[in-house]
Amino acid sequence: MNPRTIPPSSFRRHAIPALTRFHDLDALRGFAMLLGIVLHAAAFLVPIDFWPVQDDWASATPLERNGYAYAASIIHGFRMPLFFLISGFFSALLWQARGLRRLARHRLERIGLPLLAGMFTLVPAVAWLSAAGGFAPVDWLLAWMDGLSHLWFLWHLLLLLAALIVAARLGLEFRHPLWWLLVPLSVVPHHFMQEIVFGADTDIDLLPAPRVFLYYAAFFGFGVFLHQRRVAVRRGWTAALLPALLVTYPAGMALLYVALQNALASPDTQPGGWSWSVASALQVAYAWLACFGMLGLFRWIASRERAWVRYLSDASYWLYLCHLPLVVAGQLLTVGWPVSVHLKFALIITTVVALLLGVYQLGVRYTRIGTTLNGPRVRPVRLHAAGAASG
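Residues numbered from 1 in each chain as written. Predicted model: local features only at pLDDT ≥ 70, side-chain atom pairs only at ≥ 80, totals over all residues. Heavy atoms only, no water.

Asker: Can you tell me about helix H9 (residues 210-228), naming the residues and giving the values?
Answerer: Residues spaced three or four apart along an α-helix point in a common direction, a consequence of the helix completing one turn every 3.6 residues. Relative to the 27 Å expected for 19 residues at 1.5 Å per residue, H9 spans 26 Å between its end C-alpha atoms, a close match to the ideal helical length. A large share of H9 lies buried, amounting to 15 of its 19 residues. (Helix = DSSP H or I, 4+ residues; strand = E, 2+ residues; numbered from the N terminus. Expected span 1.5 Å × (residues − 1). Buried < 20%, exposed > 50% of the residue type's maximum accessible area, 1.4 Å probe, protein only.)

Asker: For the side chain of histidine 76, give the residues involved together with the corresponding values.
Answerer: One can find histidine 76 in helix H3 (residues 67-119). When sequence neighbours within four positions are dropped, the list of residues in contact with histidine 76 reads Val197, Phe198, Gly199, Ala200 and Thr202. (Contact = heavy atoms within 4.5 Å.)

Asker: Please provide a residue-by-residue account of the pattern of salt bridges, values included.
Answerer: As enumerated under the stated definition, the model contains nine salt bridges in all. Here arginine 299 and aspartate 24 are joined by a salt bridge, their closest N and O atoms 3.9 Å apart. Linking arginine 299 in helix H11 (residues 273-301) with aspartate 24 in helix H1 (residues 23-42), this pair joins segments that are 275 residues apart in sequence. Residue class for aspartate 24 comes out buried when judged on its relative accessible area of 5%. Ionic pairing is found between arginine 175 and glutamate 173, a salt bridge with its closest N-O pair at 2.4 Å. (Salt bridge = Lys/Arg side-chain N within 4 Å of Asp/Glu carboxyl O.)

Asker: Got a sec to walk through the packing of aromatic side chains? Specific residues and values, please.
Answerer: Applying the stated criterion across every chain yields a total of 28 aromatic pairs. Consider the rings of phenylalanine 153 and tyrosine 320, whose centres lie 5.5 Å apart with planes at 75 degrees: the pair is edge-to-face. Here phenylalanine 153 is found in helix H6 (residues 152-169), whereas its partner tyrosine 320 is found in helix H12 (residues 307-334), with 167 residues between them in sequence. For the pair shown, phenylalanine 153 and tyrosine 320 are each scored as buried. Centroid distance tryptophan 237 to phenylalanine 292: 5.5 Å. Interplanar angle 70 degrees. Geometry classified as edge-to-face. Taken together, the residues span a long stretch of sequence, with tryptophan 237 in the loop between H9 and helix H10 (241-265) and phenylalanine 292 in helix H11 at a distance of 55 residues. What makes phenylalanine 292 buried here is its relative accessible area of 16%. (Phe/Tyr/Trp six-rings, centres within 6.5 Å; stacked < 30°, edge-to-face > 60°.)

Asker: With reference to specific residues and values, describe the environment of alanine 302.
Answerer: With respect to the helices and strands, alanine 302 occurs in the loop between H11 and H12. Each C-alpha atom, one on alanine 302 and one on histidine 23, is 6.4 Å from the other, the two residues being 279 residues apart in sequence. Dropping the residues within four chain positions of it, alanine 302 is found in contact with His23, Asp24 and Ala27.

Read these as layout, nothing more, since geometry by itself doesn't imply function.
What follows is the structure in structure tokens.
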């Protein structure tokens with residue numbers, strides 16, 4: 001019997017079935033993680049106020065000629081929605097295969113423990129680098145109270161998991177076709193976003209803003225629905241990338257620019273007006289189309305297991321967790337260099353990824369840390385030719 005079709009109530013403590021491996025979704029989840037590194041490495045080349053490092057090139061280059069701004073908005077517009085959708089799918093898979101109790105335990109280990117560790121290491125490291133010296137030793141213990149930095153999504157996932165468990169305990173089903181309404185309904189929370197950027201607001205606070213939480217909850221819930229409803233991902237979904245990139249993205253960016261001009265004229269008001277309403281709807285349409293398109297694309301190119309893809313998928317979680325302090329340090333180091341910004345960008349990405357991959361291979365993958373992040377991994381056994389011949 002396929003473990004995906006066994007009802008949770010049929011399991012006993014002594015029976016833990018093997019889970020079906022979705023190689024395409026594993027690869028896509030890893031790809032979304034790695035895109036986060038690209039996004040943050042490019043941030044100091046985009047004129048945004050909240051980033052701690054700004055290269056002079058960002059302010060000197062007109063926004064319409066800043067390729068990094070376009071790349072950042074393309075990535076930001078769909079990356080996190082896609083990640084929450086996939087997380088909802090895998091949460092439903094674990095729920096059905098192992099029951100709610102094991103789902104909660106699994107997620108607390110894979111998500112809760114890294115979040116807890118990062119709150120007292122990675123988050124204060126980013127805050128220290130951003131503070132330019134104004135950072136007391138006690139701040140290492142309290143920095144997380146001002147925000148969870150790039151680990152905010154782990155906290156949101158835990159809250160969504162808790163909501164899923166409560167809904168399941170109450171008998172809520174995720175199989176009815178009405179769950180498709182999550183797609184258009186996600187326009188509602190997005191309309192109340194306050195940052196005039198292409199994509200959703202980033203919310204690092206411990207008390208999530210309802211607009212952000214509900215927006216990502218729509219994608220998470222839809223991921224649960226995809227699994228429970230057995231909606232088959234087709235390669236043909238790849239075609240959704242064309243209208244996403246050629247229609248909704250440029251139209252949304254154009255109207256977002258109008259909304260930005262209106263906001264500059266009235267800086268004390270929140271985004272509003274027809275331009276913002278239509279831009280918001282186009283951003284949501286872009287996110288869904290891009291999600292569907294990426295699901296189809298990876299179903300096409302990554303449905304079979306490949307060792308190197310599996311390895312990078314495993315490593316991507318570690319890379320994303322630990323990358324931001326190194327990225328910000330690299331930006332602080334290179335911001336004044338009299339070299340091309342493109343070279344700075346490439347050096348930061350390659351150096352950070354290479355360093356973290358080396359640490360992952362030598363000190364994480366086959367250790368307790370690696371087991372916490374990805375489950376146990378068995379070190380390959382190498383047989384020497386001489387030993388094999390003598391045997």
